[in-house]
Amino acid sequence: MRQLKYFSYRICRWLIRLIARPQLIGAEPDAAIAAGAKFVYVLNNRSLSDLIIVDLVCRKRGIPTPLDPIRIGTLEEERRFFFLNRATGGWFRRNTMQTVSPRMARILEQADESSDVHLLPVAVFWGRSPQKETMLSAMFAEHWAVTSRLKRIFNLVISRHHIMVSYGTPIPLRELARIDPKRVVRRAARLLRVRLRNQRVATLGPDFSHQRTLINRILASRSVQHAIRTSDGDPVKLERRARRDALGIASNMSSATIRILARLLTWFWQNIYDGVEIHGLAEVQQLTASNTVIYVPSHRSHIDYLLLSYLLYHNGLMIPHIAAGDNLNLPIVGPLLRRGGAFFMRRRFRNDRIYAAVFSEYLYQVYRRGHCVEYFPEGTRSRTGRLLPARLGLLKMTLEHHKRGVPRPLAFVPVYFGYEKLIEANSYLDELRGSEKQSESIADIFRSLKLIGQNFGKVDVNFGTPLVLDEWLTEGSTDHLTRQLGAEVLIRVNEVASVNPINLVSLVTLSTPRFAIDEAMLIDQIDCYLALLKADADHHRYSVTSMSAGEIVHYVEHLGMLSREKYDFGDVLCHDPVNAVLMTWYRNNCVHTLALPSLIACLIHQRRRPLNRPALITMIETVFPYIAAELSSRQDPAAADRWLEHLLQLGLLELHPAGGYTAPPVSDPNHQRLQLLASVITPTLERLYIVLCLLAEPNSRVRTREALENESKKMAHKMSRIYGLNAPEFFDARLFDLFVNKLVADGAVTESGDGTLSYGQLVSDVLKAAKTVISPEFRYAILRGA
């Protein structure tokens, strides 16, 4: 009888192997496997097809299969698996929790403090259907109901390309040994059910009710009813308006739409990109099992939200609800995005208390039900390439909802998108030159079709260190915590930046006077930057291109971002006027990665006398916090000493016999390398110098914040035009506002009740130190114009 069962099993396995294409999502137990741990596989429902799928995946990975024997203490088991739920009934029987697997009971009896056996929960998903489907697929797609044997048969055909296996977090048998033997079976079953349920939530999303039920719950909430009662007008009409607002906001996910979009996007990516590389996703896969995840990506392209949802979907994670501006709620596009998970919001609604209450309650309901969310902390796409200051509205709502209480902990996951070529480059170029921002339209879809067949290089999608809200929160007002949270999220996004070939070339070429450079010098300087990033690799999570400097130059030239001019004396590499402006966008993506070594180079390379360490550290501690705030970069007290050591090891700095740091001699090639390195951060220092110089000028009429920011912008625009700084963000009003805010917050500048600004000793000290950093020509030009 046993041989007949095994023969039948092998026949079924052979048939399923021919039809099914299972995908493994997550790799939780790999470390334990490497350490020699043994596993007992735990499946939720008694199902031959599920068992075969797990068997096939295990064989593919080269690890023990569920049908292999296992020894646990004195127990010899022929199989290393059991089902939590047992089936009852006939052909259409259902799985229930009324009985316990005898094998499970036998294994738990062997629980011992020295045991190296782990119970590994394994979930098998036969397609995904978070909301609506076609009638046929809805009948047989994976959802939250218990699945029958008949459904499995149909699913084998219908969802054969969408079968996913998820390994959960193992439970060591030795931990269960500490539980009372009378309760160990019940306690273990409860733990396993919770972990399997969390895996299901992480993949399928929560069990969402019908949209009408959700809308009714939002309208019946205290906050919305209070907003209706305290607003002027007929309550009946106001409630109708609130319902229209809720319907205009809410997403309406459709698995059928998501599958169609997934196939279209696969075709689209393959036709415009050479590849998409993902870094750090494994940590997110572990996080989703126990937390409600909020993805907070950088926002540089409309591709961002499409690409993130696509990657999550294909890696077995639930599609997030995405906060989208109502400017995207266009005919055709809006309904499509809504069915793909987008919920729409007005750009501003502070003065509309009913809309604000409806939107806040909708967001809370999404969190309360455990669905992941995605919103962009910057609020809009960055036209300059650097992260914009955080918009605090959604972050503040999230903090308020956390205090109100949600079932699962909230965790922010920063995401960095690194593009080698930007799809919106032409429109951004116009805006960088001063044109007004163009609003979205249906015509944009047809323009996008022209992109097919063009080469946009590769894309890096880097997931940063998660921020679990419970662990991060400290004492303070909601407004104060919101500002801190916004700054921290942006810092964590930049901590996983991508440094690609375009970034590296732009860091070098835009530091040259005419954006032209000898090929050998370009390769040499790129090698220098790669060496610096490699030297500090233990202290950062940047993804740095694996190409050599020579390969980088040829690759960027191949992408059309670098021009070659041939002369008798050798080749010169340069940018045409159009690409020269556009390259500032790519430089700004990664300028923060070398900001601190560049500042050190600025402070030393023009000095005639050596600079001792205490004086150098004091200068760094005075200036770098303002650079770090502008570039959303973390301040590490030990970083300055670390970078000084790296610069010394690479020969970019020298120790003077009398003590202190000095630049290499002019005849040394390292002197030129140090000078180019210093140029990376020079535009930022020059912009800060403009503000301080205008503030401290004795005869200046700039005495209020608004006047200071306006005059600084005018002066920066003038200097950019005259001295060819080629940095459109050089006169960005938001950067001046950010700098003045930090000066006031740090006490370096005082703002009186009438708005008049006065400065302290710190401003005078910085202006004095600037004489060795800012070129005399630039300083005199500012003084003449002040």
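These figures come from a predicted structure and were not determined experimentally.

## Focus: the overall build of the protein chain
Thought 1: Within the protein chain, the secondary structure is distributed over 34 helices and 26 strands.
Thought 2: The proportion of buried residues among the 786 residues of the protein chain is 55%.
Thought 3: Once local pairs closer than 6 in sequence are excluded, the contacts in the protein chain between residues at least 24 apart make up 76%.
Thought 4: Here the protein chain displays about 35,800 Å² of accessible surface, and carbon together with sulfur accounts for 53% of that area.

## Some points on the confidence of the model for the protein chain
Thought 1: The pLDDT averaged across the protein chain works out to 85; a share of 87% of its residues lies at or above 70.
Thought 2: Mean pLDDT values for the elements of the protein chain range from 38 in helix α5 (residues 135-140) up to 97 in strand β15 (residues 410-419).
Thought 3: pLDDT under 50 marks residues 129-147. Its contacts with residues more than four places away, or in other chains, come to 56 contacts.

## Some words on the packing of helix α22 (residues 501-509) against helix α23 (residues 519-535)
Thought 1: In the contact formed by α22 and α23, the axes pass within 10 Å of each other and the chain directions differ by 115°. Every pair of crossing elements has a handedness; the one defined by α22 and α23 is right-handed. Two secondary-structure elements touch here, α22 through L504, V505, L507, V508 and T509 and α23 through L522, Q525, I526, Y529 and L530.
Thought 2: For the contact of α22 with α23, the per-class residue count stands at eight nonpolar, two polar and no charged.

## Details of the environment of S498
Thought 1: Tracing the sequence through the fold places S498 in strand β18 (residues 498-499).
Thought 2: Classification of S498 as buried rests on a relative accessible area of 1%.
Thought 3: On a C-alpha basis, the gap between S498 and F417 in space is 7.5 Å, while along the polypeptide they are 81 residues apart.
Thought 4: If we ignore the near neighbours within four places in the chain, the residues touching S498 are Y416, G418, D460, N462, N503, S543 and C590.
Thought 5: Here the side chain of S498 touches D460 through a polar contact of 2.7 Å, side chain to side chain.

## Concerning the pairing of strand β22 (residues 570-574)
Thought 1: Of all five residues making up β22, four are buried, and the element is well covered by its neighbours.
Thought 2: Both strand β19 (residues 516-518) and β22 contribute to a ladder of three bridges, which runs antiparallel. Considered in β22, the bridge of D518 is made with V572.
Thought 3: Pairing between strand β21 (residues 563-567) and β22: five bridges, direction antiparallel. Of the residues in β22, the one forming a bridge with S563 is C574.
Thought 4: Here β21 folds back onto β22, and the loop between the two strands holds two residues.

## Topic: the packing of aromatic side chains
Thought 1: Using the criterion set out here, one finds 13 aromatic pairs in the structure.
Thought 2: The ring of Y355 has R346 sitting right over it, with the charged end atom 3.9 Å from the ring centre.
Thought 3: Seen from the ring of Y364, R404 lies directly overhead, with NZ or CZ sitting 3.6 Å from the centre.

## A few points about a positive patch on the surface
Thought 1: A contiguous patch of positive charge on the surface is contributed by R183, R186, R187 and R190.
Thought 2: For R187, a relative accessible area of 39% gives the class partly exposed.

## Focus on the pattern of salt bridges
Where charged atoms from two side chains of opposite charge come close, those side chains can pair.
Thought 1: Within this structure, the stated rule accounts for 28 salt bridges.
Thought 2: Where D55 meets R59, a salt bridge forms, and the shortest distance between an N and an O atom there is 2.8 Å. One end of the pair is D55 and the other is R59, both in helix α3 (residues 48-61) and four residues apart, which spans about a single turn.
Thought 3: A salt bridge links D536 to R642; the nearest nitrogen and oxygen atoms lie 2.6 Å apart. Taken together, the positions of D536 in the loop between α23 and β20 (543-544) and R642 in helix α28 (residues 639-649) put the pair 106 residues apart, joining distant regions of the chain. Take D536 and R642: they sit in the same class, and that class is buried.
Thought 4: Put simply, E519, E557, R564, K566 and D571 are held in one network by salt bridges that share partners.

## What to know about unusual backbone geometry
Thought 1: For I332, which is not a glycine, the phi torsion comes out positive at approximately 70°.
Thought 2: Relative to the helices and strands, I332 is located in the loop between β12 (321-325) and α15 (333-339).
Thought 3: Phi is positive for S632, which is not a glycine, with a value near 50°.
Thought 4: On the secondary structure map, S632 appears in the loop between α27 (613-631) and α28.
Thought 5: Of the residues examined, S632 reaches a relative accessible area of 9% and is grouped as buried.

## Description of helix α8 (residues 184-204)
Thought 1: Along its 21 residues, α8 runs 30 Å from first to last C-alpha, staying within 8% of the 30 Å computed at 1.5 Å per residue.
Thought 2: Among the residues of α8, those classed as buried are V184, A188, A189, L192, L196, N198, Q199, R200, V201, A202, T203 and L204.

## Section: the sheet that holds β21
In a beta sheet, neighbouring strands pair by backbone hydrogen bonds and run either parallel or antiparallel.
Thought 1: One open sheet holds the three strands; their spatial order is β19-β22-β21, and the pairing between them is antiparallel. Either end of the sheet is taken by a strand with one partner, and the two such strands are β19 and β21. For this sheet the average axis-to-axis angle between neighbouring strands, irrespective of direction, equals 30°.
Thought 2: Contacts from α23 reach β19, β21 and β22, with the element oriented near 90° to β19.

## What about the nonpolar core?
Thought 1: Core analysis: the biggest nonpolar cluster contains 139 residues, and Y295, F463, I526, Y529 and I627 have the highest contact counts within it.
Thought 2: Residue contacts for I627: discarding those within four places in its chain leaves A595, L599, I681, T684, L685 and L688.
Thought 3: Counting residues in hydrophobic clusters, the runner-up holds 44 residues, among them L219, Y364, L481 and V489.

The rules behind these values
Residues numbered from 1 in each chain as written. Predicted model: local features only at pLDDT ≥ 70, side-chain atom pairs only at ≥ 80, totals over all residues. Heavy atoms only, no water. Helix = DSSP H or I, 4+ residues; strand = E, 2+ residues; numbered from the N terminus. Buried < 20%, exposed > 50% of the residue type's maximum accessible area, 1.4 Å probe, protein only. Contact = heavy atoms within 4.5 Å. Areas by Shrake-Rupley, 256 points an atom, 1.4 Å probe, with all protein chains shown as cover. pLDDT = per-residue confidence, 0-100. Axes fitted to C-alpha atoms, helices over the stretch in contact; angles between N-to-C directions. Left-handed = near helix turned anticlockwise from the far one by under 90°. Nonpolar A, V, L, I, M, F, W, Y, C, P; charged D, E, K, R; others polar. Polar contact = N/O pair within 3.5 Å; in protein donor to acceptor, adjacent residues only side chain to side chain. Pairing = 2+ DSSP bridges. Phe/Tyr/Trp six-rings, centres within 6.5 Å; stacked < 30°, edge-to-face > 60°. Lys NZ or Arg CZ within 6 Å of the ring centre and 35° of its normal. Patch = residues over 30% accessible without salt bridge, like charges linked within 9 Å, V, L, I, M, F, W, Y side chains within 5 Å. Salt bridge = Lys/Arg side-chain N within 4 Å of Asp/Glu carboxyl O. Lys, Arg positive; Asp, Glu negative; His and termini not counted. Charge placed at Lys NZ, Arg CZ, Asp CG, Glu CD. Expected span 1.5 Å × (residues − 1). Core = buried A, V, L, I, M, F, W, Y, C linked by side-chain atoms within 4.5 Å.

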